[in-house]
Amino acid sequence: MLQLEFDERVAADDRVEPRDWMPDAYRSTLIRQIAQHAHSEIIGMQPEGNWITRAPSLKRKAILIAKVQDEAGHGLYLYSAAETLGVDRDELVELLLAGRQKYSSIFNYPTLTWADIGAIGWLVDGAAITNQVPLCRCSYGPYARAMVRICKEESFHQRQGFEILYTLGHGTPGQKAMAQDAVDRWWWPSLMMFGPPDAASTHTGQSTAWKIKRFGNDELRQRFVDMTVPQADALGLALPDDGIAWNAERGHYDFTEPDYAELTAVIEGNGPCNAERIAVRRAAHEDGAWVREAAAAYAAKRAGREAA
Amino acid sequence: MRSPFFATPPATTMPDAAAYALRLGDDALVLSHRLAEWVAHAPELEEDVALANISLDLLGQARALLAYAGAVEGAGRDEDALAYLRDDRAFTNMQLVELPRGDFGLTIARQLLFSTYQRMLYARLAASSDETLAGIAAKAEKEVAYHVDHATQWTLRLGEGTAGSHARMRAGLVAVWPYADELFEADPLTDRLAAEGVGVDPSCLRGEWDAAVDGVLREATLERPEVRPAAGGGRRGLHTEHLGHLLAEMQSLHRAHPGVTW
Amino acid sequence: MNRSDWPLWEVFVRARRGLSHQHVGSLHAPDAAMALRNARDVYTRRNEGVSIWVVPAAAIHASSPDEKDPFFTPAADKVYRHPTFYPVPEGVEHL
């Protein structure tokens with residue numbers, strides 16, 4: 001009976017809300033996915049935060065601080081959505097620090113030059129937006145609402161990245177080389193952000209039936225490539241794939257698939273920065289413990305005094 | 001002869017209003033940088049967002065003040081030329097803002113001292129006969145009112161929270177207090193500008209500041225530390241060793257590619 | 001003691017005068033004063049609001065989905081409460 005109501009609601013494109021009955025597997029899938037998404041926002045603050053103190057102009061510095069700040073905010077919106085499913089943010093953070101929940105593997109790559117900030121905005125945020133726009137219609141209401149807010153705020157992220165690369169691409173030979181190098185390094189990991197091919201993906205089928213996921217990995221990846229190739233031309237930068245060519249028959253660009261063995265290796269912890277990202281997060285969490293305790297203790301004292 | 005650390009300051013080569021805007025801009029720029037260092041490392045996510053907000057407010061003030069300093073100077077230097085192409089001896093921020101960020105206790109202690117001062121300064125500067133300075137100050141005062149509130153709320157919580165947080169907050173106050181006197185040091189430049197109604201005599205802020213800060217400390221069960229004042233000299237380009245490292249990091253990329261657009 | 005001692009607060013923002021407060025999300029804060037300040041920083045970074053409410057999540061009592069029928073269906077058939085229930089002759093405006 002409850003299952004039937006749930007199925008009908010999802011089939012009718014109605015939203016599932018926190019206090020509705022839902023299958024346990026639906027709940028746990030959502031918790032895993034939303035938490036992973038939230039963790040990605042939080043870990044993603046590090047590679048970009050790496051350049052805040054060296055941003056080459058005050059305008060760029062302000063934009064970058066605002067962007068990294070948005071990521072903290074987006075992490076909060078998402079943890080907030082996850083908490084409607086009956087988990088506590090603290091538990092999720094513990095799972096992240098213990099390595100038992102993942103974050104997007106893209107953030108295990110280092111930001112070596114300023115141009116990486118451009119490439120992250122253009123390619124990584126571009127891929128993220130491609131993934132996220134359909135999530136605005138996800139069957140779970142709180143997640144969909146968080147995504148609406150995030151997508152609205154994120155539109156500036158991709159543009160500022162494009163603008164950084166455009167400026168570098170039209171600057172000195174040194175700047176242009178820096179931009180091309182960054183695109184060369186971020187292109188393949190960006191394609192990997194859509195996950196393994198559908199044929200090899202363990203989660204796609206059920207998530208699609210539940211309307212958590214609206215499109216397959218391959219379709220979204222293709223959408224991203226189709227959107228990005230003309231933008232690369234406008235930037236005057238090359239995508240590092242000789243296999244990119246317009247296929248009139250398909251109405252899409254052909255492209256070379258990334259090496260999914262690399263994706264697996266990075267997810268399993270063998271990326272360039274996996275250990276460091278978690279170590280930094282753990283340090284911030286542990287260094288902040290005394291502050292959180294102090295605030296809680298103060299609140300308890302105040303409440304006690306008011307009650308007395 | 002005295003060493004420059006104990007000598008009277010040399011005359012500035014910039015027009016008074018430019019040198020003055022530069023001082024205030026340097027304060028905001030350097031403190032903004034220190035606060036931005038917290039982003040992704042704060043005690044809680046909500047605090048990452050809060051500290052980033054304060055950092056952005058200060059950076060906005062710095063940009064307006066530096067741009068104005070460059071315009072008044074009339075030598076073709078824009079905000080970036082002033083931020084990225086001056087050496088540390090040409091920076092005129094107070095030493096308080098350049099101290100390393102330390103732990104959250106030190107950061108909050110500095111925020112309490114500085115934002116309380118800055119709010120009082122801007123409140124008066126909003127009445128400046130220099131319309132640009134008055135406009136910048138009027139906008140900034142609203143922002144800084146929030147910074148004061150943030151610092152106050154956290155001083156109360158750290159001071160009264162746990163024995164450990166009380167000790168850390170006290171250690172933060174001990175670390176920053178030696179640099180407090182510099183906030184209120186008048187010199188020939190501020191004397192001239194105050195007389196003209198353009199600038200603020202910082203020494204006249206002391207009484208109000210003492211009362212405000214003491215009030216917060218008292219409520220937070222903290223006390224003013226008994227410490228010897230630091231040598232000071234930030235306004236004369238005499239800094240702690242920390243500023244050089246901050247600028248080396250901040251300016252490295254900009255200076256590696258001279259004259260380009262970012 | 002850990003962070004879970006920072007309770008969850010639901011955040012409501014009034015986007016502009018004339019509108020009611022709308023639920024926008026939640027956050028953790030040690031007390032109401034900090035919750036309000038955090039809400040300002042997290043949920044109104046882009047001028048989204050002129051007024052904020054924070055409510056301890058534990059203080060909210062919700063109608064459960066089980067109560068759905070008696071709670072809400074009586075309203076569903078009172079279509080006469082909605083202006084679209086009333087046909088308007090063609091050409092009649094400002095009604």
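All figures in this text were calculated on a predicted structure; none of them were measured in a lab.

Q: Would you take a moment to explain the packing of helix 1 (residues 16-36) of chain B against helix 10 (residues 241-256) of chain B for this structure?
A: Two quantities define a packed helix pair, namely the angle between the axes and the distance from one axis to the other. Residue and element names in this part refer to chain B. Here helix 1 crosses helix 10 at 75°, and the two axes come no closer than 12 Å. One element, helix 1, and the other, helix 10, form an angle in the roughly perpendicular class. Residue-level inspection shows Leu29, Val30, His33 and Arg34 of helix 1 in contact with helix 10, the latter providing His242, Leu243, Leu246 and Met250. In terms of residue class, the contact of helix 1 with helix 10 is built from five nonpolar, two polar and one charged.

Q: Would you explain the environment of Tyr68 of chain B in this entry?
A: Residue and element names in this part refer to chain B. Within the secondary structure, Tyr68 is located in helix 2 (residues 45-73). The exposure class of Tyr68 is buried, given its relative accessible area of 16%. Expressed as a C-alpha distance, the spacing of Tyr68 and Pro188, which sit 120 residues apart in the sequence, is 21 Å. Excluding residues within four positions of it along the chain, Tyr68 makes contact with Ala21, Asp130, Thr132 and Leu133.

Q: Explain the packing of aromatic side chains here, please?
A: Centre distance and the angle of the planes are the two values used to describe a pair of aromatic rings. Residue and element names in this part refer to chain B. Under the defined criterion, the tally for this structure stands at 18 aromatic pairs over all chains. Consider the rings of Phe184 and Trp209, whose centres lie 5.0 Å apart with planes at 65°: the pair is edge-to-face. Of this pair, Phe184 sits in the loop between helix 7 (163-176) and helix 8 (188-196) while Trp209 sits in helix 9 (residues 206-219), and the two are 25 residues apart along the sequence.

Q: I tried to follow helix 6 (residues 115-132) of chain A on my own but got confused; where do I start?
A: Structural remark: α-helix, 3.6 residues per turn; residues separated by three or four positions point the same way. All names here are of chain A. Between its first and last C-alpha atoms helix 6 spans 24 Å; for 18 residues at 1.5 Å apiece the expected length is 26 Å, and the two agree. Of all the bends in helix 6, the greatest, near 30°, is centred on Asp125. Most of helix 6 sits out of view: 17 of its 18 residues are buried.

Q: Could you clarify how one ought to interpret the interface of chain A and chain C in this entry?
A: The partner chain C presents 22 residues to the 22 residues of chain A that form the contact. Summing both partners gives a buried area of about 2,000 Å² for chain A against chain C, and 51% of it is carried by carbon and sulfur. Contact with chain C buries surface across chain A, with Arg19, Asp90 and Arg149 of chain A losing the most and accounting together for 26% of the total. Counting every contact that joins chain A to chain C gives five salt bridges. Note that Glu48 of chain C and Arg149 of chain A form a salt bridge whose closest N and O atoms lie 3.9 Å from each other. At the junction of chain A with chain C, the criterion picks out ten residue pairs in polar contact (both at pLDDT 80 or more). Of all the secondary-structure elements, those providing two or more residues to the side of chain A that touches chain C are helix 4 (58-83), helix 5 (89-97), helix 7 (141-169) and helix 13 (289-307) of chain A. For the side of chain A that touches chain C, the element with the most residues is helix 4 of chain A, which contributes eight residues. The residue inventory of the side of chain A that touches chain C, partitioned by class, reads seven nonpolar, four polar and eleven charged.

Q: I keep staring at helix 2 of chain B and nothing clicks. Help me out?
A: All names here are of chain B. The end-to-end C-alpha distance of helix 2 is 42 Å, a good match for the 42 Å that 29 residues give at a rise of 1.5 Å each. Here helix 2 lies mainly inside the structure; 21 of its 29 residues are buried. Looking one or two residues beyond helix 2, the residue adopting positive phi is Gly74, at roughly 70°.

Q: Explanation requested: the nonpolar core in the structure shown.
A: A general trend in soluble globular proteins is that nonpolar side chains are found buried together. In terms of nonpolar packing, the biggest core is built from 191 residues, with Trp114 and Tyr140 of chain A together with Trp209 of chain B touching the most fellow members. In contact with Trp114 of chain A, not counting residues within four places along its chain, are Trp51, Ala55, Pro56, Arg60, Leu64, Ile164, Leu168 and Met178 of chain A together with Leu253 and Trp262 of chain B.

Q: Help me understand the interface of chain A and chain B in this model?
A: Quoted interface sizes are often the accessible area lost when the parts come together. Each side of the interface is counted separately: chain A has 44 residues, and chain B has 47 residues. When chain A packs against chain B, close to 4,000 Å² is buried across both sides, 66% of that on carbon and sulfur atoms. If you sort the residues of chain A by the area they bury against chain B, Leu58, Trp290 and Tyr298 of chain A come out on top, with a joint share of 19%. Summed over the shared surface of chain A and chain B, the result is five salt bridges. The salt bridge partner of Arg89 of chain A is Glu44 of chain B, with a shortest N-O separation of 3.1 Å. Counting across the chain A and chain B interface gives 17 residue pairs in polar contact (both at pLDDT 80 or more). In terms of residue class, the side of chain A that touches chain B is built from 25 nonpolar, eight polar and eleven charged.

Q: Where do I start with the side chain of Glu41 of chain A in this structure?
A: For Glu41 of chain A, the location among the structural elements is in helix 2 (residues 24-43). Leave out the neighbours within four places in its chain, and Glu41 of chain A touches Glu71, His74, Gly75, Leu78, Gln132, Ile150 and Glu154 of chain A.

Reading guide: rules and limits
Residues numbered from 1 in each chain as written. Chains lettered and ligands numbered in written order. Predicted model: local features only at pLDDT ≥ 70, side-chain atom pairs only at ≥ 80, totals over all residues. Heavy atoms only, no water. Axes fitted to C-alpha atoms, helices over the stretch in contact; angles between N-to-C directions. Helix = DSSP H or I, 4+ residues; strand = E, 2+ residues; numbered from the N terminus. Parallel < 35°, antiparallel > 145°, perpendicular 65-115°, else oblique. Contact = heavy atoms within 4.5 Å. Nonpolar A, V, L, I, M, F, W, Y, C, P; charged D, E, K, R; others polar. Buried < 20%, exposed > 50% of the residue type's maximum accessible area, 1.4 Å probe, protein only. Phe/Tyr/Trp six-rings, centres within 6.5 Å; stacked < 30°, edge-to-face > 60°. Expected span 1.5 Å × (residues − 1). Bend = angle between axes of the 7 residues up to and from the residue. Buried area = accessible area lost by both parts, 1.4 Å probe. Salt bridge = Lys/Arg side-chain N within 4 Å of Asp/Glu carboxyl O. Polar contact = N/O pair within 3.5 Å; in protein donor to acceptor, adjacent residues only side chain to side chain. Core = buried A, V, L, I, M, F, W, Y, C linked by side-chain atoms within 4.5 Å.

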